[in-house]
Amino acid sequence: MKFTFLPYLASLVFLLGSCQDKGTSTAEQYVMDPHSCARPEEAVITHLDLDIKVDMEAKRIEGTASYAIRSEGASLIYLDTDGLEILDVADKDGAPAKWELGDSTFLGRPLKVELGNGSDGIKVTYRTTLGAKALQWLSPVQTADGTHPFLFTQGQAILTRTWIPIQDSPGIRITYNARVTVPSELMAVMSASNPQERTADGVYTFRMDQPIPAYLIALAVGDLEFRSMGPRTGVYAERSMVDKAAWEFADTERMLEAAESLYGPYRWERYDVIVLPPSFPFGGMENPRLTFATPTIIAGDRSLTALIAHEMAHSWSGNLVTNATWDDFWLNEGFTVYFENRICEAVYGKDFAQMHHLLGHQDLVATVARISAGEHPEDTHLHLHLEGRDPDEGMTDVAYEKGFAFLRLIEEKVGREKFDAFLRGYFERNAFRSMTTERFLAYLDDELLRPAKVQLNIAEWVDGPGIPSDIILPTSERFVKVDQELDRWSNGTPAKDLNTSDWTTHEWLHFLRGLPADLDEKAMSDLDGTFGFTRTGNNEILAAWLEHCIAYDYGSAYERLDGFLTTVGRRKFLVPLYRRMQETEKGRIMAQDIYAHARPNYHSVSVNTLDELLRWKDNKPPVAF
Ligand code: BES
Ligand code: ZN
């Protein structure tokens, strides 16, 4: 069975078939992906049949993954694995195949399988191990209802390989079917056709007939219920959450209609959302047909549903036309933020969209300042160079907000009508394909900029640092009013006399971000006593407020801070709060103390970031801090 393993040598861009048609190619092409060991130009998987059992007690997934393979007579196929135990590999007729696991790196271990006689299929028997980074196994107390365990997966960027052996590159697409066995009191759902009711035997079957990249394969298992919200939309959640969630997301069907009328038909049949337990590390994840969402967007007033618009928009930008490598991440997120903003404008109006845009821009300014002063200032470029690094490190607000700003500038230059027609054509012509930055720019030039005779400083936007000076920003009258109230408060008007009665979440966030520096106990109490920030049910407002509480040592909020950090695992909230605590001696001690008991509740992607920030090594705190 043994043969020498040759380390993977980066292959150059490989083009299959003819694809030289003026950069508007529709032919299949593979680009070298520095974060996968797959060699798709030699042998590529086209379909996956998964047959797995989920053991909630042992915290293990075990079963078989069978693949259809397309190759031009290659004798080997390479799959990505990370922390998987490979038990057996056979060809599609069940005869043993020769295989080997290569050396372990931060990308995992390549599984190299010999393809006898031009074989077009293999079957791998495997099980996951305890550290599987995609998986978060939750005990009943970590769930909303507190009665059953829960499991969810998070694949993006390179974590699917920790629960399925796979060619884990966003440039490689497969269809999949799955048969998943779970304890009969639980329900399983995937990024595929989904059940709406529990089965008696705990066996669920899934189909995903549209080809998707591996990072979009997702599974959740829990005591779930389903509520319909519209003809194509519905929500899954635990019993105590499901009605609240259905109410909160009632605009989903309208958003879908708005999205379709902007950029063409929704290609995935249903659009459902699952509300996960609060340790979910992201706001949302665009798993096709089934967005995974944090419960922290359920504010009770539908004010945080732009996140649904965002994940839905990925059904076009990201899931239909996919970044070819993680260096092209801005093609996923920048387009999605642009599209999200357009959906929000259509459903909630211009004021909303403008405020949303400005808050995003404030995030960008802060992120660019931080990255520029750090170890990798080149991460402020849209087109990234993440080879040799965990791609997660480069996934910052730059891709989102600078990407959005670039598209907004193009819209302004060519006019909205032309830009919308261009985007509709882009999604249509490139559907179910991957896209590189170079190919997008060639397409943009051919289809839009040259015909419209528009000049743009593309190199500065795409390959340059920071925020280009020709960025276009909206003005928001509502924010001007908030600024006036901020001035009044700074000049001595008590909080209770400020005009805040018609403020929405966006205005509150702008207010909190605009507070003057160096607030004292009296000022913090005036704000808190009047507006009740410490006990707000709006997690965006709470997180923004808690940053000030840390900065100005407002002790009355510390219990809430501790409670928030030990239940919520959403990285976007955690990082700024822990970062703030790192700024003072007292804060550093508090951060280590909270992290020590909160850490077991966090998903690996949050742990990964926070271990670095708080200098944990091998599951241990720093000796001195
Ligand atoms: N695809 C991302 C989440 C993600 C990014 C996972 C990078 C892994 C690596 C998702 O669409 C997203 O952007 N979520 C945001 C929501 C938002 C910008 C409205 C989040 O989680 O905060
Ligand atoms: Zn996104």
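Residues numbered from 1 in each chain as written. Chains lettered and ligands numbered in written order. Predicted model: local features only at pLDDT ≥ 70, side-chain atom pairs only at ≥ 80, totals over all residues. Heavy atoms only, no water.

1. Considerations on the overall build of the protein chain
Thinking step 1. The secondary structure content of the protein chain amounts to 17 helices and 22 strands.
Thinking step 2. On C-alpha atoms alone, the protein chain measures out to a radius of gyration of 25 Å, which is about the 25 Å that the 2.2 N^0.38 rule sets for 625 residues.
Thinking step 3. Each principal axis of the C-alpha atoms in the protein chain carries an extent, and together these give about 85 × 60 × 50 Å.
Thinking step 4. Expressed as a percentage of the 625 residues in the protein chain, the buried residues total 60%.
Thinking step 5. In the protein chain, once contacts between residues fewer than 6 apart in sequence are set aside, the share between residues at least 24 apart is 72%.
Thinking step 6. Of the roughly 24800 Å² of accessible surface on the protein chain, 50% is carried by carbon and sulfur atoms.
Thinking step 7. Charge separation in the protein chain, taken as the distance between the mean sites of 62 positive and 92 negative side-chain charges, equals 1 Å. (Helix = DSSP H or I, 4+ residues; strand = E, 2+ residues; numbered from the N terminus. Rg over C-alpha atoms; globule rule 2.2 N^0.38 Å. Buried < 20%, exposed > 50% of the residue type's maximum accessible area, 1.4 Å probe, protein only. Contact = heavy atoms within 4.5 Å. Areas by Shrake-Rupley, 256 points an atom, 1.4 Å probe, with all protein chains shown as cover. Lys, Arg positive; Asp, Glu negative; His and termini not counted. Charge placed at Lys NZ, Arg CZ, Asp CG, Glu CD.)

2. Some details on the site of ligand 1
Thinking step 1. In the neighbourhood of ligand 1, 16 residues make up the surrounding shell, with Gln156, Gly283, Glu286, Glu311 and Tyr400 lying closest.
Thinking step 2. In this structure, a nitrogen atom belonging to ligand 1 sits 2.6 Å away from a side-chain N or O atom of glutamate 286.
Thinking step 3. Contact distances for ligand 1 include 3.1 Å between an oxygen atom and a side-chain N or O atom of histidine 310.
Thinking step 4. Its free accessible area being 520 Å², ligand 1 has 88% of it covered by the protein chains. (Near = heavy atom within 4 Å. Polar contact = N/O pair within 3.5 Å; in protein donor to acceptor, adjacent residues only side chain to side chain.)

3. Observations concerning helix H2 (residues 252-263)
Thinking step 1. Spanning 12 residues, H2 covers 16 Å between terminal C-alpha atoms, matching the ideal 16 Å at 1.5 Å per step.
Thinking step 2. Within the span of H2, buried status applies to Thr252, Glu253, Met255, Leu256, Ala258, Ala259, Leu262 and Tyr263.
Thinking step 3. Against the buried residues of H2 lie strand E17 (233-238), strand E18 (271-275), helix H3 (306-313), helix H4 (329-348) and helix H7 (416-429).
Thinking step 4. At the exit of H2 stands glycine 264, carrying a positive phi of roughly 100°. (Expected span 1.5 Å × (residues − 1).)

4. Description of the domain arrangement of the protein chain
Thinking step 1. Under the domain assignment, the protein chain is made up of domain 1 (321-463) and domain 2 (477-619).
Thinking step 2. One C-alpha centre belongs to domain 1, the other to domain 2, and the line joining them spans 29 Å.
Thinking step 3. Taken together, the two surfaces of domain 1 and domain 2 that pack against each other cover about 1000 Å², and 52% of this comes from carbon and sulfur.
Thinking step 4. When the area that domain 1 buries against domain 2 is broken down by residue, the three leading residues are Met355, Leu359 and Asp392, summing to 50%.
Thinking step 5. Linking domain 1 with domain 2 are three salt bridges.
Thinking step 6. Between arginine 478 and aspartate 351 there is a salt bridge whose closest N-O contact spans 3.8 Å.
Thinking step 7. At the junction of domain 1 and domain 2, the tally comes to seven residue pairs in polar contact (both at pLDDT 80 or more).
Thinking step 8. For the side of domain 1 that touches domain 2, the per-class residue count stands at four nonpolar, two polar and five charged. (Domains from an automatic or database assignment. Buried area = accessible area lost by both parts, 1.4 Å probe. Salt bridge = Lys/Arg side-chain N within 4 Å of Asp/Glu carboxyl O. Nonpolar A, V, L, I, M, F, W, Y, C, P; charged D, E, K, R; others polar.)

5. A few points about the side chain of aspartate 223
Thinking step 1. Checked against the element boundaries, aspartate 223 lands in the loop between strand E15 (219-222) and strand E16 (224-228).
Thinking step 2. The buried category is assigned to aspartate 223, whose relative accessible area is 7%.
Thinking step 3. Engagement of the side chain of aspartate 223 in a polar contact is seen with the side chain of histidine 148, the distance being 3.2 Å.
Thinking step 4. Within the structure, aspartate 223 has its side chain in polar contact with the side chain of arginine 198 (distance 3.0 Å).
Thinking step 5. The residues touching aspartate 223, leaving out its near neighbours within four places in the chain, are Thr147, His148, Glu185, Leu186, Arg198, Ala237, Glu238 and Arg239.

6. A closer look at the sheet that holds strand E13 (residues 187-190)
Thinking step 1. Taken together, four strands build an open sheet; the order of strands is E10-E11-E15-E13 and the sheet is antiparallel. Of all strands in the sheet, those bounded by a partner on one side alone are strand E10 (135-138) and E13. Between one strand axis and the next, the sheet turns by 10° as a mean value, whatever way the strands run.
Thinking step 2. For strand E11 (residues 150-153) and E15, the ladder comprises two bridges, and the chain directions are antiparallel. (Pairing = 2+ DSSP bridges. Axes fitted to C-alpha atoms, helices over the stretch in contact; angles between N-to-C directions.)

7. Some thoughts on the packing of H2 against H3
Thinking step 1. Contact pair H2 / H3: the axes reach a minimum separation of 10 Å and the direction vectors enclose 45°. In terms of orientation, H2 lies oblique with respect to H3. Considering how the two elements wind past one another, H2 and H3 form a crossing that is right-handed. Only Ile308, Ala309 and Met312 of H3 make contact with H2, whose side of the interface consists of Thr252, Met255, Leu256 and Ala259.
Thinking step 2. Looking at the contact of H2 with H3 residue by residue, the classes come out as six nonpolar, one polar and no charged. (Parallel < 35°, antiparallel > 145°, perpendicular 65-115°, else oblique. Left-handed = near helix turned anticlockwise from the far one by under 90°.)

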